[in-house]
Amino acid sequence: GTHDDLLLGGDEDQAISYLNHDTIGAMAMDAYGSIAAGTSSNGANHKVPGRVGDAAIVGAGAYADSAVGAAVATGDGDIMMRFLPAFAAVNFMAQGLRPKEACDGALA
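Note that this is a predicted model, so its numbers are computed, not measured.

Asker: Can you walk me through the overall build of the protein chain in this structure?
Answerer: A count of helices and strands for the protein chain gives three helices and six strands. Listing each helix as α and each strand as β along the protein chain from the N terminus yields β-β-β-β-β-β-α-α-α. Counting the 108 residues in the protein chain, one finds 22% classified as buried. For the protein chain, the proportion of contacts with a sequence separation of at least 24, taken over those separated by at least 6, is 42%. As displayed, the protein chain has an accessible area near 7200 Å², and 56% of this comes from carbon and sulfur atoms.

Quick look at the structure:
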């Protein structure tokens, strides 16, 4: 089947498709300079039943360090869980790289 064939709970009004189901990452800083990052998981597409997705793995889909910055990532969760790209990007920023360079380094 296609992505259009996937349903949540059998309800056709809640069909999962490329138009309405994706990962969301967010970063925020409060008035005191504390930084937080989080990510959702699209979870339904191509997930092996019972597998924990990358959203729960610190550094895979999101990472924050209030002294440095934060990063969120989206992509193949199985790969991201092995290489922790959000953690790597923040670590590169801690070493002095600009955000774009840090992201490029995390993906290299």
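Asker: Help me understand the packing of aromatic side chains in this model?
Answerer: Aromatic ring pairs: the centre-centre distance and the angle between the two ring planes describe each pair. A full pass over the atoms with the stated rule returns one aromatic pair. When the ring of Y63 is compared with that of F87, the centres are 5.0 Å apart and the planes differ by 90°; the resulting orientation is edge-to-face. Residue Y63 is found in strand β5 (residues 62-65), and its partner F87 is found in helix α2 (residues 85-94); the two are separated by 24 residues along the sequence. By relative accessible area, which is 23% here, Y63 ends up partly exposed.

Asker: Which parts of the structure should I look at to understand the confidence of the model for the protein chain?
Answerer: Should the pLDDT be low somewhere, the predicted coordinates at that spot are not to be read in detail. Across the protein chain, the average pLDDT comes to 81, with 73% of residues at 70 or higher. Here residues 1-10 is modelled with pLDDT under 50, and outside its nearest four sequence neighbours on either side it reaches 14 contacts, counting other chains as well.

Asker: For this particular structure, what's the right way to read the nonpolar core?
Answerer: The tendency in soluble globular proteins is for nonpolar side chains to be buried as a group. If you look at the biggest cluster of nonpolar residues, it comprises eight residues: A71, A86, A88, A89, V90, M93, A102 and A106. Elements that contribute at least two residues to this core include exactly α2 and α3 (99-107). Broken down by element, the residue count for this core peaks at five residues, all from α2. Among all residues touching V90, those that are not within four sequence positions of it are Y63, D65, V68, G69, A70 and A71.

Asker: What exactly am I supposed to notice about the pairing of strand β6 (residues 69-72) here?
Answerer: The side chains of a regular strand alternate between both faces of the sheet. Where β5 meets β6, four bridges bridge the pair, whose relative direction is antiparallel. Across the sheet, the residue bridging to A64 is A70, located in β6. Taken together, β5 and the strand that follows it, β6, pair antiparallel across an intervening segment of three residues.

Asker: Even after reading the chapter, I still don't get unusual backbone geometry, so can you show me in this structure?
Answerer: Peptide bonds are, in most cases, trans, and in most cases residues other than glycine have a negative phi. In the Ramachandran plot, L84 falls in the positive-phi region, its phi being about 45° despite a non-glycine side chain. In this structure, L84 sits in the loop between α1 (77-83) and α2.

Asker: Would you mind showing me how to read the environment of S34 here?
Answerer: Take S34: it is sitting in the loop between β3 (25-29) and β4 (35-39). With residues up to four places along the chain from it excluded, the contact list for S34 reads A28, M29 and S66.

Parameters and conventions
- Residues numbered from 1 in each chain as written.
- Predicted model: local features only at pLDDT ≥ 70, side-chain atom pairs only at ≥ 80, totals over all residues.
- Heavy atoms only, no water.
- Helix = DSSP H or I, 4+ residues; strand = E, 2+ residues; numbered from the N terminus.
- Buried < 20%, exposed > 50% of the residue type's maximum accessible area, 1.4 Å probe, protein only.
- Contact = heavy atoms within 4.5 Å.
- Areas by Shrake-Rupley, 256 points an atom, 1.4 Å probe, with all protein chains shown as cover.
- Phe/Tyr/Trp six-rings, centres within 6.5 Å; stacked < 30°, edge-to-face > 60°.
- pLDDT = per-residue confidence, 0-100.
- Core = buried A, V, L, I, M, F, W, Y, C linked by side-chain atoms within 4.5 Å.
- Pairing = 2+ DSSP bridges.

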